[in-house]
Amino acid sequence: MTDVSSHPEESEEDPLVRVSGLTKHFDNSSGLLGSYEFAPDGLSFPFTHNPETVRAVDGVSFEIEQGETLGLVGESGCGKSTLARVLLQLLSPTDGDIHFQGENLAELSNEALRQRREDIQMIFQDPQSSLDPRMKIGAIIEEPMEAHGLRDATGREQRAKELLESVGLEPQYYDRYPHEFSGGQRQRINLARALSVDPDFVVLDEPTSALDVSIQAQILNTLQDLQTEFGLTYLFISHDLSVIRHISDRVAVMYLGELVEVGDVDRLFEDPRHPYTQALLSSIPVPDPRSRGERSVLHGDVPSPINPPSGCRFRTRCPALIVPAEYDISDSEWADVRELIRAVDRRSFDADSVSHIQEQFLDGRLTDTRCQEVVTEAIEHTVADEWERATELLQTEFAEKSVCAETAPSLDSITGEPTTDRRVACHLHGSEGEPIQHE
Amino acid sequence: MSDTPLLKVENLKTQFFTEAGTVRAVDGVSFTVERGEIVGLVGESGAGKSVAVRSILRLIDSPGHIVGGEITFDGKTVVGFEDEPGTDGEPTRREEMLTNTEMRSQIRGSEIALIFQDPMESLNPVFTVGGQLRELIELNRGLSKQAARDRAIEILREVGIPQPAERFDDYPHQFSGGMRQRVLIAMALGCEPKLIVADEPTTALDVTVEGQILDLVYDLQDKYDASFLWVTHDMGIVAEICDRVNVMYLGEVVERASVDDLFYNPQHPYTEALLNSIPRPDQSTEDLQPLEGAMPEPINPPSGCRFHDRCPEAREVCQRTHPDLRTVTEAGQYAACLKHDAFEAAYETSRPLTDESPAAGGDRRE
């Protein structure tokens, strides 16, 4: 990895990339009348206008310094790839600014943007579909240079051959076709093409996900060598935390369209602060049989970005959901109650009798009488086979009353942390919050 | 319970007869699965893992054929050939080898279940999830329609599908990837098989979902006492769930060890290289030491040891002598590498080959 100190004159300047409040919403309804819903009830006009919006990226801000690698990690569907595409203006943002070398890409005209792309390149996940099968390798690598009017024909050929060597291939591959190469080699060709215009910034979207581990290691090493050789800045997107830890200088963790934690790679991995980061890190199987069974697993699936949870978007799966302020119950009681809420929502038990269910989930009666009343009422609903009412009651009386549901936490630096570089979006780490215990 | 292993694969050979030549996808593979055990089958893509497990279920389609070896499962002969080939040169099936109908009625689904990587491909999109599960239980367990439905809902709840009675009538596309994989596990369990063969079942899933599935497998193994043959390329999963591991390279098993020995005392250079090429989530890795080049095609494997052209420890003798799998440590670890004394191959006195290794991404065509 290139460290920033090798560019002392640049580290004083503005960051290479500064993204602020970047937002991308997709209209999910297609066609002229797609957003109209037909629901005849016999009384009113049977059509309602109800456009669905997928909030793929929502108010994301971060910076990337010259020469560093920022790792962007998150589960599938969290908006990583959309973020990359918006960053490169392959999709136009709904809102927000992207400053690249001081220039706002979101405001550039098409032609100005086209010329600017000389400095920003992208590597895609699938090395197969990102190469035209009817073009020779040489032509593929030369195409970006041609588009930007760089060098003459012989100069381009020479440059292509040099690049083939830089990325660990043979110059004589110049006249071959993509199908003659393996996945790892194709990804190298993609690299050579991206580097042909001498970019400053390369966005890599899951560049090694389709490759075997030994090939992945080769590509990761090549990426690091090229970064040193050409002074590149990377945005490395991956769902693989091991790869992110290996290649990144700083890491941004994304959940459902928002960044939840940003920080230096080692500190973030050694001491994750956001409950989501903690859960993500502890759910990876470690390649060491002697640390078996130390995983803790996050329940449930990622909610839909069409209708994300209010407040903190992670609250529906969060193991550290904050107790509603009006209730006075202990942590272990709160954990039991949350277990009950989850079980009712999933209908994962047989509702036979109130006392039996109470015993199964709670360790005696709750100290807070109001809480106990709600729980008893909910259990009675389940016994009466009114699961939906029980779920609704528990949601409105417990989950919805938590501070996590009421206000969305902002991505702020942590109190007590020496640097301002580390930022977390969680109420537990707000100005008055206390750090939560590691599980 | 008897002393014989639940599944015994001996010298299995599966070949694909293509226009370009014979692809020896699985070439003399042997391994066993004991009762109640999770056995891993590890290797990179193209190593022959999937062909090996499909051979166990006799799910090899033309132009592929099982041409040799013996597979016994729970006292039944799944694959077995006469010593002498028939008059046409083709191997002759032994009398006790199960017919295709017997495979279908006695083995597949009911005794050995298979979970594939892509749950969407394994579920029929035009039938409801519950209906597919119910049908399977009805056919294999001989229950009435209503009893099978009740059992199906019970299993769906057990594998962690929320609101199983309501989701019963949903179609596969209404489930998320993780949920679909749970449905497949439910289907595999539906007939309480003795062996579950899982072919990269978590590869398409996110880490948090993968963790959920692994936990589920643990719980279910406890409850049903099923054995697992787990195919994967992910060393993290191997470390997490397997009891014993077979490492495959180019159609052969090159190392067999208990999971602890494999990670802490690998005996084959390929295993070692695999372990050195993975970035770790739990510690910062300085430099990855990847293997050079890529795995050759099984259509024309290298002479001698198949790994010699990429092996950092290869010597001249490795080009000539093909190592079989032998016990190389007192702990009973197996490896197929000439550097071990068990082979008596004069490895020590042989000339090292390292200078001749091809450059990274060497000159190899697809």
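Conventions adopted
- Residues numbered from 1 in each chain as written.
- Chains lettered and ligands numbered in written order.
- Predicted model: local features only at pLDDT ≥ 70, side-chain atom pairs only at ≥ 80, totals over all residues.
- Heavy atoms only, no water.
- UniProt positions renumbered as here; feature names shortened; annotations may be inferred.
- Pairing = 2+ DSSP bridges.
- Helix = DSSP H or I, 4+ residues; strand = E, 2+ residues; numbered from the N terminus.
- Expected span 1.5 Å × (residues − 1).
- Buried < 20%, exposed > 50% of the residue type's maximum accessible area, 1.4 Å probe, protein only.
- Contact = heavy atoms within 4.5 Å.
- Axes fitted to C-alpha atoms, helices over the stretch in contact; angles between N-to-C directions.
- Left-handed = near helix turned anticlockwise from the far one by under 90°.
- Nonpolar A, V, L, I, M, F, W, Y, C, P; charged D, E, K, R; others polar.
- Salt bridge = Lys/Arg side-chain N within 4 Å of Asp/Glu carboxyl O.
- Arc of directions from axis to C-beta.
- Buried area = accessible area lost by both parts, 1.4 Å probe.

Per an unreviewed UniProt entry, chain B goes by the name Nickel import system ATP-binding protein NikD and belongs to Halobellus clavatus. Check the Subcellular location (unreviewed entry) section of the UniProt entry for chain B; it says "Cell membrane". Here is the UniProt Catalytic activity (unreviewed entry) comment for chain B, exactly as written: "Ni(2+)(out) + ATP + H2O = Ni(2+)(in) + ADP + phosphate + H(+)".

Per its UniProt entry, chain A bears the Sequence similarities (unreviewed entry) comment "Belongs to the ABC transporter superfamily."

## What about the pairing of strand β1 (residues 17-27) of chain A?
All names here are of chain A. Relative to strand β4 (residues 53-64), β1 runs antiparallel, the two sharing eight bridges. Each residue of the ladder has a partner; that of Leu22, found in β4, is Val60. Sheet analysis places β1 next to strand β6 (residues 95-100), joined by five bridges and oriented antiparallel. In the strand pairing of β6, Val17 is matched with Phe100.

## Focus: helix α8 (residues 207-224) of chain B
Look at α8 of chain B: 25 Å from first C-alpha to last across 18 residues, which is about the 26 Å you get at 1.5 Å a residue. Counting buried positions over the 18 residues of α8 of chain B gives 13, a clear majority of the element.

## Observations regarding the pairing of strand β5 (residues 69-73) of chain A
Residue and element names in this part refer to chain A. Across the five residues of β5, five count as buried, placing the element largely inside the fold. Going residue by residue along β5, you find Thr69, Gly71 and Val73 tucked away on one face and Leu70 and Leu72 tucked away on the opposite face as well. By the bridge criterion, four bridges tie β5 to strand β11 (residues 250-255) in an arrangement that is parallel. Within β11, the position partnered with Gly71 by the bridge is Val251.

## Quick look at the sheet that holds β1 of chain A
All names here are of chain A. Taking strand neighbours across the sheet as the criterion, the four strands line up as β4-β1-β6-β7 in an open arrangement whose pairing is antiparallel. The sheet is open, and its two edges are formed by β4 and β7 (103-104), each paired on a single side. Sitting on the sheet, helix α2 (residues 80-87) touches β1, β4 and β6, and the angle it makes with β1 is about 115 degrees.

## What to know about the packing of helix α4 (residues 137-147) of chain A against helix α5 (residues 153-166) of chain A
Residue and element names in this part refer to chain A. Look at α4 against α5: their axes get within 9 Å of each other, and the N-to-C directions meet at 115 degrees. In terms of crossing hand, the pair formed by α4 and α5 is right-handed. Here Ile137, Ile141, Glu142, Met145 and Glu146 of α4 come into contact with α5, specifically with Arg156, Glu157, Arg159, Ala160, Leu163 and Leu164. A class-by-class count of the residues in the contact of α4 with α5 yields six nonpolar, no polar and five charged.

## Concerning the pattern of salt bridges
Across all of its chains, the model carries 45 salt bridges over all chains by this definition. We note a salt bridge from Arg54 of chain B to Asp199 of chain B, for which the minimum N-O separation is 2.8 Å. On the criterion of sequence distance, the pair formed by Arg54 of chain B in helix α1 (residues 49-56) and Asp199 of chain B in strand β7 (residues 195-199) is long-range, its members being 145 residues apart. Among the residues examined, Arg54 of chain B registers a relative accessible area of 22% and is labelled partly exposed. Accessibility expressed as a relative area gives 5% for Asp199 of chain B, which makes it buried. Ionic pairing is found between Arg94 of chain B and Glu96 of chain B, a salt bridge with its closest N-O pair at 2.8 Å. Each of Glu326, Arg370, Glu373, Glu397 and Lys401 of chain A takes part in salt bridges that share partners, so that together they form one network.

## Considerations on helix α12 (residues 354-361) of chain A
Residue and element names in this part refer to chain A. Among all positions of α12, only Ile357, Gln358 and Phe361 are buried. Angularly, the buried residues of α12 cover 100 degrees about the axis, an arc narrow enough to put them on a single face. Its buried side turned inward, α12 meets α11 (331-346) and α13 (369-383).

## A look at the interface of chain B and chain A
Contact with chain B, which involves 60 residues of that partner, is made by 52 residues of chain A. A buried area of about 4900 Å², summed over both sides, lies between chain B and chain A, and 48% of it is on carbon and sulfur atoms. Looking at the side of chain B facing chain A, the largest losses of area belong to Thr208, Glu240 and Pro281 of chain B, adding up to 13% of the total buried there. If you look at where chain B meets chain A, you find three salt bridges. For the side of chain B that touches chain A, the elements supplying multiple residues, two or more each, are α6 (164-167), α8, α9 (235-241) and α10 (259-264) of chain B.

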